[in-house]
Amino acid sequence: MRTVKIGLYDEERSYAEKLSAYLNRKGNGKWIVSAYTNETLLERDAKETQIDMISGTNRQVLYKIRESHRKIPLLWLRETNKAFSGAPEEFPSVYRYQSAAAIAQALEEMVNTFMVHEKNKIPIAAVYSPVGRCGKTSLAMHLVKQGQYGRWLYIGMEDYSFLWARVKEPEDVMFSETDSFLYYIKEQNDEQLSLLMGESQGIIPSAFSPFDTKCLEKEDFQWLLECLQGMEGYAGFIFDFGTGVLSEISILTLFDYIIVPFLQQEKELQKLEQFNDLINAYGLSGLNNRLLYVNMESEKEQNMILEKIGGGRWEI
């Protein structure tokens, strides 16, 4: 069981530090609370995925966090003894001027809910690599085709894909509406999306135009991943981004794991080093614990990755 990382925000340093210290003692290793008095630092660590949950006294700051990091659970430490009407449903709240034990209890309830959700959620992984022609798509397709780990759905997001040759065949119903997939995402049409997925037989190829795919923004992916979590009958979803057609690199932070295939060759390793530097340059070092590097010249490493992703060996 991993430790849940919680950020506690308050402009008053003494309050934030004292409450954090108490909560850490009560957590007994189940969670670790870090005190924040600087909104910029809180936003930075949320962006770098260094925080699983956030609790704070400033409602406006929590609003900002929710807008840019919808997956992070929030707990509002409100000033009034009674929650006023109009507070958003996404904001569980507790009165800040009560015993620290009562706040710890509210926090523990949120942590327990978070852990149950993490344990039961459908895994959604991405395949992304700066190295070309190393078997990225083959690895992703293998997870879908072998059937060993249940029903997985392959979702193509490459710039150009060899699967397009099958899309052009009118009798191949399986691929006939591949471009509609992007349209349904932009329109947030979950009903049509579900119907298309049901007819896909496990594979949704990349769209014809990579420029259309690049129109998908981070908010579109957030909606899509939330929608996929509500889909029944799937053991998992794997997105194939190839060498990258993302509108922004931070989209990768939305995924549970990012598989990074590579080849053990000098030029390819240099590209991999540049990718690592890029992650850090964009302030996304928190991604490092979700990056799964796999040497595609090693069948053993490939099988280990497939077992980790498909076999449900998540760090929970």
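Reading guide: rules and limits
- Residues numbered from 1 in each chain as written.
- Predicted model: local features only at pLDDT ≥ 70, side-chain atom pairs only at ≥ 80, totals over all residues.
- Heavy atoms only, no water.
- Helix = DSSP H or I, 4+ residues; strand = E, 2+ residues; numbered from the N terminus.
- Rg over C-alpha atoms; globule rule 2.2 N^0.38 Å.
- Contact = heavy atoms within 4.5 Å.
- Areas by Shrake-Rupley, 256 points an atom, 1.4 Å probe, with all protein chains shown as cover.
- Lys, Arg positive; Asp, Glu negative; His and termini not counted.
- Charge placed at Lys NZ, Arg CZ, Asp CG, Glu CD.
- Buried < 20%, exposed > 50% of the residue type's maximum accessible area, 1.4 Å probe, protein only.
- Pairing = 2+ DSSP bridges.
- Arc of directions from axis to C-beta.
- Axes fitted to C-alpha atoms, helices over the stretch in contact; angles between N-to-C directions.
- Parallel < 35°, antiparallel > 145°, perpendicular 65-115°, else oblique.
- Left-handed = near helix turned anticlockwise from the far one by under 90°.
- Nonpolar A, V, L, I, M, F, W, Y, C, P; charged D, E, K, R; others polar.
- Phe/Tyr/Trp six-rings, centres within 6.5 Å; stacked < 30°, edge-to-face > 60°.
- Lys NZ or Arg CZ within 6 Å of the ring centre and 35° of its normal.

Draft legend 1. Spatial organisation of the overall build of the chain. Along the chain, the regular secondary structure elements total 12 helices and 11 strands. Its C-alpha atoms give the chain a radius of gyration of 21 Å, within 12% of the compact-globule value 20 Å for 316 residues. Seen through its principal axes, the chain has C-alpha atoms that stretch 65 × 45 × 35 Å. The long-range fraction of contacts in the chain, counting pairs at least 24 apart against all pairs at least 6 apart in sequence, stands at 73%. Accessible area for the chain stands at about 15800 Å²; split by element, carbon and sulfur atoms hold 48% of it. Of the charged side chains in the chain, 34 are positive and 45 negative, and the gap between their average positions amounts to 6 Å.

Draft legend 2. Summary view of the pairing of strand E9 (residues 236-242). Most of E9 is tucked away, with 7 of its 7 residues classed as buried. Going residue by residue along E9, you find Gly-236, Ile-238, Asp-240 and Gly-242 tucked away on one face and Phe-237, Phe-239 and Phe-241 tucked away on the opposite face as well. The pairing of strand E6 (residues 124-128) with E9 spans 5 bridges and is parallel. Bridged to Ile-124 within E9 is Phe-237.

Draft legend 3. Main features of helix H8 (residues 190-198). Here H8 has its buried residues at Leu-193, Leu-196 and Met-197. Seen end-on, H8 carries its buried residues on one side only, within an arc spanning 100°. Exposed residues lying more than 90 degrees from the buried face of H8 are Glu-191 and Gly-198.

Draft legend 4. The arrangement of the pairing of E6 in detail. Burial analysis of E6 places 5 of its 5 residues in the buried class, the great majority of the element. Neither face of E6 is exposed, since Ile-124, Ala-126 and Tyr-128 on one face and Ala-125 and Val-127 on the opposite face are all buried. In terms of strand pairing, E6 meets strand E10 (residues 257-262) through 3 bridges, oriented parallel. Paired with Val-127 across the bridge in E10 is Ile-259.

Draft legend 5. Broad picture of the sheet that holds strand E11 (residues 291-295). Pairing is parallel in the open sheet, where 6 strands are placed in the order E8-E7-E9-E6-E10-E11. For this open sheet the edge positions go to strand E8 (203-204) and E11, each flanked by a neighbour on one side alone. Strand direction decides the pairing type here: E10 and E11, joined by 5 bridges, are parallel. Its bridge partner lying in E11, Phe-262 is registered against Asn-295.

Draft legend 6. Molecular detail of the packing of helix H2 (residues 39-47) against helix H3 (residues 59-68). In the contact formed by H2 and H3, the axes pass within 11 Å of each other and the chain directions differ by 25°. By the criterion of interaxial angle, the relationship of H2 to H3 is roughly parallel. The chirality of how H2 crosses H3 is right-handed. Only Val-61, Lys-64, Ile-65 and Ser-68 of H3 make contact with H2, whose side of the interface consists of Glu-39, Leu-42 and Glu-43. Grouping the amino acids of the contact of H2 with H3 by side-chain chemistry returns 3 nonpolar, 1 polar and 3 charged.

Draft legend 7. View of the packing of aromatic side chains. Tallied over the full model, the rule gives 9 aromatic pairs. Aromatic side chains Phe-239 and Phe-241 sit 6.1 Å apart centroid to centroid with 15° between the ring planes, which places their arrangement in the stacked category. Here the two residues Phe-239 and Phe-241 agree in accessibility, since each one is buried. Among the aromatic residues, those joined into a ring-pair cluster are Phe-221, Phe-239, Phe-241 and Phe-255. A cation over a ring is seen here: Arg-59 above Trp-76, with NZ or CZ 5.1 Å from the ring centre.

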